[in-house]
Amino acid sequence: MTEGKVHLRIEAGIASVLFDRPQARNAMTWAMYEQLRGICETLTTDRTVRVVTFRGAGSEAFVAGTDIEQFKAFKSGEDGVAYELKIDHTIGLIESLPMPTVAVISGWTIGGGLAIATACDFRIATPASRFGVPIARTLGNCLSMANLARLGAAFGTQRVKRMLLLAELLDAPEALACGFLQQVCAPEVIDAEAARLCERLAALAPVTQAVTKESLRRLLLRALPEGDDLIRQCYGSRDFHEGVDAFVAKRSPAWTGS
């Protein structure tokens, strides 16, 4: 398994974060999550950066979730609790960046990739992009309370149910219609449109932007209920291990509800 990399480039006050593992649709490895956390920690204190963009290498995917092969090492529900805690911390770092953030999306935006995109302030995408968390079909795991709250705020509860309970993927027009996307644009102009949006954001009052972002973050995540028991139940189930084994073996899982 190739580890992949997350790159940071800063030019003229615009930081560009690139998820670079195109041969695996930019699926995130543990090393890539660690690099992403380090980048966010660096950007948090860099007052020269006015806007941050996130994008995936190539045209096939933004980020197609977490690499599922890594879940083979999970032995119990406690491994799931620890994993979701790390994911929450990573997504929280993106969400807490004081400057505006823009996800520039081309292709699959799935699972952890959808969580990353949702943590950004604005999202623009190509028409062929798809969005979802089809874990009821693929892996048999679950999301944390914080990530469910973020998805619910961005998409609405019924669309989240479709993504999670029916394992449906939403297309770009629907994501635009519900307000998740700022803009849908052709692949040949998405970079120019992203640059135009960044220019608009960089021209505005940074303190107002930072305070507003933090206020909205606090409102979204206030008084979240405890969910470790649910994560433990799901990741400790036979179905979760069956989902991992089936995915790696490239066969359909046989769910038993246990």
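Residues numbered from 1 in each chain as written. Predicted model: local features only at pLDDT ≥ 70, side-chain atom pairs only at ≥ 80, totals over all residues. Heavy atoms only, no water.

**Focus on the overall build of the protein**
Of the regular secondary structure elements, the protein holds 10 helices and 10 strands. In terms of overall size, the protein behaves like a compact globule, its C-alpha atoms giving a radius of gyration of 18 Å where 258 residues would be expected to give roughly 18 Å. By sequence separation, contacts in the protein at least 24 residues apart represent 72% of the contacts at least 6 residues apart. Put simply, the protein shows about 12,200 Å² of open surface, and 56% of that area lies on carbon and sulfur atoms. Side-chain charges in the protein split into 28 positive and 29 negative, and the spacing between the mean points of these groups amounts to 2 Å. (Helix = DSSP H or I, 4+ residues; strand = E, 2+ residues; numbered from the N terminus. Rg over C-alpha atoms; globule rule 2.2 N^0.38 Å. Contact = heavy atoms within 4.5 Å. Areas by Shrake-Rupley, 256 points an atom, 1.4 Å probe, with all protein chains shown as cover. Lys, Arg positive; Asp, Glu negative; His and termini not counted. Charge placed at Lys NZ, Arg CZ, Asp CG, Glu CD.)

**Points about the nonpolar core**
Core analysis: the largest hydrophobic core is formed by 57 residues, its most contacted members being F19 and F54. Membership of the second largest hydrophobic core comes to 11 residues, among which are V102, V104, I124 and C198. (Core = buried A, V, L, I, M, F, W, Y, C linked by side-chain atoms within 4.5 Å. Buried < 20%, exposed > 50% of the residue type's maximum accessible area, 1.4 Å probe, protein only.)

**What about the sheet that holds strand β8 (residues 130-132)?**
Judged by pairing direction, the sheet is mixed, and its four strands sit side by side in the order β4-β6-β8-β9 without closing on themselves. The sheet terminates laterally at β4 (61-64) and β9 (170-171), the two strands that pair on one side only. Pairing of β8 with β9 involves two bridges; the strand directions are antiparallel. What sits directly across from R130, in β9, is D171. (Pairing = 2+ DSSP bridges.)

**Looking at helix α2 (residues 77-95)**
The α-helix advances 3.6 residues per turn, and as a result positions three or four apart in sequence lie on the same side. Taking 1.5 Å per residue, 19 residues should reach 27 Å; α2 reaches 27 Å between its end C-alpha atoms and fits that length. Listed as buried for α2 are G77, G80, V81, Y83, E84, I87, T90, I91, G92, L93, I94 and E95. (Expected span 1.5 Å × (residues − 1).)

**A few points about the pattern of salt bridges**
Considering all chains together, one arrives at 15 salt bridges under this definition. Put simply, R162 and E174 hold a salt bridge, and the shortest N to O gap is 2.6 Å. You can see R162 sitting in helix α5 (residues 157-165) and its partner E174 sitting in helix α6 (residues 172-177), a full 12 residues away along the chain. Overall, the relative accessible area of 23% leaves R162 in the partly exposed class. Beyond isolated ion pairs, a larger network of salt bridges with shared partners links R159, R162, E168 and E174. (Salt bridge = Lys/Arg side-chain N within 4 Å of Asp/Glu carboxyl O.)

**Some words on the pairing of strand β5 (residues 101-105)**
The side chains of a regular strand alternate between the sheet's two faces. Counting buried positions along β5 gives five out of five residues, so the element sits mostly inside the fold. The side-chain alternation of β5 yields two buried faces, one formed by T101, A103 and I105 and the other by V102 and V104. Taken together, the four bridges between strand β3 (residues 51-56) and β5 define a ladder with parallel strand orientation. Of the residues in β5, the one forming a bridge with T53 is V102. Relative to strand β7 (residues 122-125), β5 runs parallel, the two being bridged by four bridges. Along β7, the bridge assignment pairs V102 with F122.

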